[in-house]
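# Architecture and fold: a report
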Amino acid sequence: MGVSPRIIHYSDVEKAYDTPERIGRFAGTVAAADGPDALVVGTGDNTGPGVLSLVTDGEQSLDLFTALTPAFETLGNHDFDHGLAMTREIIARSPQAWLTANVEQDGERFARRLTRPWANRTVDGVQVGFVGVTSPDTALANPQATTLTFTDPFEAVSEAATALRDAGAEAVVVLSHLGRIDEKLARACDVDVILGGHVHERRIDRLDGTLLTRPGANGRTVVEVDLAGPEPTAQFRETADGPLDDRVAAAIEDRLSAAGLHEVIGHAADPIDRSQATTYGGECRLGNLVADAYRWATGADVALQNSGGLRNDTVPLDGALTVADMVSVVPFEEPLTVAELTGAELRTLCRQGSGQQVAFGEPDWWHAHFSGVELVWNDDTQIIERLQVDGRPVRDTETYTLATSNYLYYTELEFPVLTESHRVSVADVQYEALADYVRETDIAPAVDGRLTRR
């Protein structure tokens, strides 16, 4: 190609909206990279989750979209968090075209009059085809998406690639919210670039002649793809020191102030790490804090917080803690519930904390944060060596109460032993219970040996 068409790729902006300077510098970085030879595109989870996402039902994303005027966007699993009607409204009010080739409702493409499956666009003289696909697990992971059908993304991309090339596309780009399925997609489909999301680790890689990228999460990085030359190339653009878009930062600050999210409710004497390596690594202070809050709020024998429900960040919780901080830890409109389980079911639940026992995530991840439990787990044998509740060995025939998120009854990806039949009561929304706990107790979360992995 004799010209240099570029694509500016962002994804999983999520909690960046909760920090005005961060979202402002993110917007400024994207705007600085944009130009007449470029297209800006997003690959999902750019309306939520996050604190402002909960307060505004995702409308805070319109401040960013209006400033950036992206060309295309596809749907992520969290873009359905506030209900399908709100998803349609965001799509209708945003400036970009939304591409979704494998999301259906009632036998037709979701929001058919507002979305397209694929599209061609000329970029600096080169015709480039785009198609958008979403993870087939979305209906299992998001209760708001259960009425949707997610068709085979491989078939959707193959059909789109053929149609786009027949229409003159010189390159085909997939806007993917498939996560690690991107690798299989690269092997199965004839496409030039897969711009990925869903998984939060950054990536620039090549596989079977296809360029694969992921910018990571929370607005810290964007990817600049260059389509010139014999094969596409890419580089990261860090946003921390990027130019500040004052309009976006001010709009987000106004939303935070109006919602009363700056109220200080507690204090962390020592920084509380919330990195992914920590929250999926086993017992940690953040997981213990949240699980202890759930047991405190409900009086249950045991409490469980799934690792996937703790939103990661490279910035720890430190010093003054606000309402916004607590919402940002578990930013979902999911109620806290109490379930009744037999001791045998509780043992199964503990086993399903191991990444080797569930289909979600990595084999070495640990998915369960407990309160009220002392668990000794052997990673090599995948066997519980000791399990106690309130200092007493768990008996298979006894009944135990468990405080946990309502979400876990509806997903098959995590803790499938839990079903609606176990639920006996419903309490406050998760983040409200956590905020009340921090407000009313002198928190000092510690790793105290409630989980031992051998």
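Scroll up a little and you will see the structure.
Criteria and cut-off values
Numbering of residues begins from 1 in every chain and follows the order in which that chain's sequence is written. Per-residue local features are limited, in this predicted model, to residues with pLDDT of at least 70; the limit for side-chain atom pairs, both in listing and counting, is 80 or more; totals at the level of whole chains, interfaces and linings are taken over all residues. Hydrogens and waters are ignored; side-chain quantities use all the structure's heavy atoms. The numbering of helices and of strands both runs from the N terminus, where a helix is a DSSP run of H or I of at least 4 residues and a strand a run of E of at least 2. Restricting the calculation to C-alpha atoms gives the radius of gyration, and the globule rule supplies 2.2 Å times the number of residues raised to the power 0.38. In this scheme, a residue with accessible area under 20% of its type's maximum is buried, one over 50% is exposed, and one in between is partly exposed, where area comes from a 1.4 Å probe on protein chains only. The contact criterion used is simple: two residues touch if any of their non-hydrogen atoms lie within 4.5 Å. Residue-level accessible areas treat just the shown protein chains as cover; the underlying method is Shrake-Rupley with a 1.4 Å probe. In this count, Lys and Arg are taken as positive residues and Asp and Glu as negative ones, while His and the chain termini are left out. The atoms used to mark charge sites are NZ of Lys, CZ of Arg, CG of Asp and CD of Glu. Aromatic pairs are defined between Phe, Tyr and Trp rings, using the six-membered ring for Trp, whenever the two ring centres lie within 6.5 Å; interplanar angles under 30 degrees are classed as stacked, those over 60 as edge-to-face, and all others as tilted. Both cavities and pockets are sets of points on a 1 Å grid over the protein atoms alone; in a cavity a 1.4 Å probe fits but cannot get out, in a pocket the set is open with protein on both sides within 12 Å along at least five of seven lines, and lining residues sit with an atom within 4 Å of a point. Grid points are joined across faces, edges and corners, and a volume is the space filled by probe spheres set on the points. Polar here means any residue outside two lists: the nonpolar Ala, Val, Leu, Ile, Met, Phe, Trp, Tyr, Cys and Pro, and the charged Asp, Glu, Lys and Arg; Gly therefore counts as polar. Under this definition, polar contacts are N or O atom pairs within 3.5 Å; protein pairs additionally need one hydrogen-donor-capable and one acceptor-capable atom, and for neighbouring residues in sequence, both atoms have to be side-chain atoms. For two strands to be treated as a pair, DSSP must find at least two bridges joining them. The axes used here are C-alpha line fits, helices contributing only the stretch in contact, and every angle between their N-to-C directions lies in the interval 0 to 180 degrees. Take the number of residues in a helix, subtract one, and multiply by 1.5 Å to get its expected span. Basic side-chain nitrogens of Lys or Arg form a salt bridge, by our definition, when they fall within 4 Å of a carboxyl oxygen of Asp or Glu.

## Section: the overall build of the protein chain
Helices and strands together make up the secondary structure of the protein chain, namely 13 helices and 27 strands. The C-alpha radius of gyration of the protein chain comes to 22 Å, within 12% of the 22 Å expected for a compact globule of 454 residues. Per-residue burial for the protein chain yields a buried fraction of 57% across its 454 residues. Once local pairs closer than 6 in sequence are excluded, the contacts in the protein chain between residues at least 24 apart make up 72%. Surface exposure of the protein chain reaches about 17200 Å², of which carbon and sulfur atoms provide 45%. The centroid of the 37 positive side-chain charges in the protein chain is displaced by 1 Å from the centroid of its 71 negative side-chain charges.

## A closer look at the packing of aromatic side chains
Under the criterion given, the structure shown has eight aromatic pairs. Aromatic pair Y10 and F26: ring centres 6.0 Å apart, planes at 80°, arrangement edge-to-face. On the criterion of sequence distance, the pair formed by Y10 in strand 1 (residues 6-10) and F26 in helix 1 (residues 20-33) is long-range, its members being 16 residues apart. What makes Y10 buried here is its relative accessible area of 1%. Ring geometry for F80 against F150: centres 6.3 Å apart, planes inclined by 80°, an arrangement best described as edge-to-face. You can see F80 sitting in the loop between strand 3 (72-73) and helix 4 (84-93) and its partner F150 sitting in strand 10 (residues 149-150), a full 70 residues away along the chain. Given a relative accessible area of 0%, F80 falls into the buried group. Site record: aromatic cluster; members linked through ring pairs are F80, F110 and F150.

## Here we look at the layout of surface pockets
Its volume calculated, the second largest pocket comes out at about 400 Å³. Looking at the second largest pocket, it is lined by 21 residues, and the ones nearest its centre are D18, T19, R22, D313 and D325. Elements represented by at least two residues in the lining of the second largest pocket include exactly helix 1, strand 19 (317-322) and helix 11 (323-329). In terms of residue count, strand 19 provides more of the lining of the second largest pocket than any other element does, five residues in total. Among the residues making up the lining of the second largest pocket, the classes are represented as nine nonpolar, four polar and eight charged.

## Brief notes about unusual backbone geometry
The residue after G48, namely P49, is reached through a cis peptide bond having omega 5°. Even without glycine at this site, D45 takes up a positive phi of about 55°. Structurally, D45 is set in the loop between strand 2 (38-42) and helix 2 (51-56). Owing to a relative accessible area of 1%, D45 belongs among the buried residues under this scheme. You will see that D208, though not glycine, has its phi angle at about 50°, which is positive. With respect to the element layout, D208 can be found in the loop between strand 13 (203-207) and strand 14 (210-214).

## So, the side chain of S328
Mapped onto the elements, S328 comes out in helix 11. Within the structure, S328 has its side chain in polar contact with the backbone oxygen of D325 (distance 2.6 Å). Residue contacts for S328: discarding those within four places in its chain leaves K15, D18, V51, R274 and R311.

## Remarks on the sheet that holds strand 25 (residues 399-405)
Pairing in this open sheet of five strands is mixed, and the strands run 21-18-25-20-26 from one edge to the other. Because the sheet does not close on itself, it has two edges, and the strands there are strand 21 (368-371) and strand 26 (423-429). The sheet shows a mean angle of 25° between the axes of neighbouring strands, taken without regard to direction. Relative to strand 21, strand 18 (residues 302-306) is paired through four bridges, and the arrangement is antiparallel. Bridge pairing in strand 21 links L304 to F370.

## A short note on helix 1
In a regular helix each residue adds 1.5 Å, so 14 residues correspond to 20 Å; helix 1 covers 20 Å between its end C-alpha atoms and thus fits that length. Within the span of helix 1, buried status applies to P20, R22, I23, G24, F26, A27, G28, T29, V30 and A33. Against the buried residues of helix 1 lie strand 1, strand 2, helix 3 (61-68), strand 15 (221-226), strand 16 (233-238) and helix 8 (246-258).

## With respect to the pattern of salt bridges
Applying the stated criterion across every chain yields a total of 32 salt bridges. Its salt-bridge partner being D448, residue R450 comes within 2.8 Å of it at the nearest N-O pair. Assessed through its relative accessible area of 49%, D448 is described here as partly exposed. Members of the salt-bridge network, linked through shared partners, are R6, D37, E224 and R237.

## Considerations on empty space enclosed by the protein
Enumeration over the complete set of coordinates arrives at one cavity of 30 Å³ or more. What lines the largest cavity is simply T47, D57, G58, H78, D79, F80, D81, H82, G83, M86, T87 and I90. Per-class residue counts for the lining of the largest cavity are three nonpolar, six polar and three charged.

## Looking at helix 3
Side chains that are three or four residues apart share a direction in an α-helix, a result of its 3.6 residues per turn. With six of eight residues buried, helix 3 is to be regarded as a mostly interior element. Buried residues in helix 3 make contact with strand 1, helix 1, strand 3, helix 4, strand 4 (97-99) and helix 8.

## Looking at the sheet that holds strand 27 (residues 451-453)
Reading across the sheet, the four strands line up as 24-23-22-27 and stay open at both edges, with mixed pairing between neighbours. Unpaired on one side and paired on the other, strand 24 (392-393) and strand 27 mark the two borders of the sheet. Relative to strand 27, strand 22 (residues 373-378) is paired through three bridges, and the arrangement is parallel. By the bridge assignment for strand 27, V376 is matched with T452. Across the sheet, helix 12 (residues 343-351) is in contact with strand 22 and strand 23 (383-389); its angle to strand 23 comes to roughly 125°.

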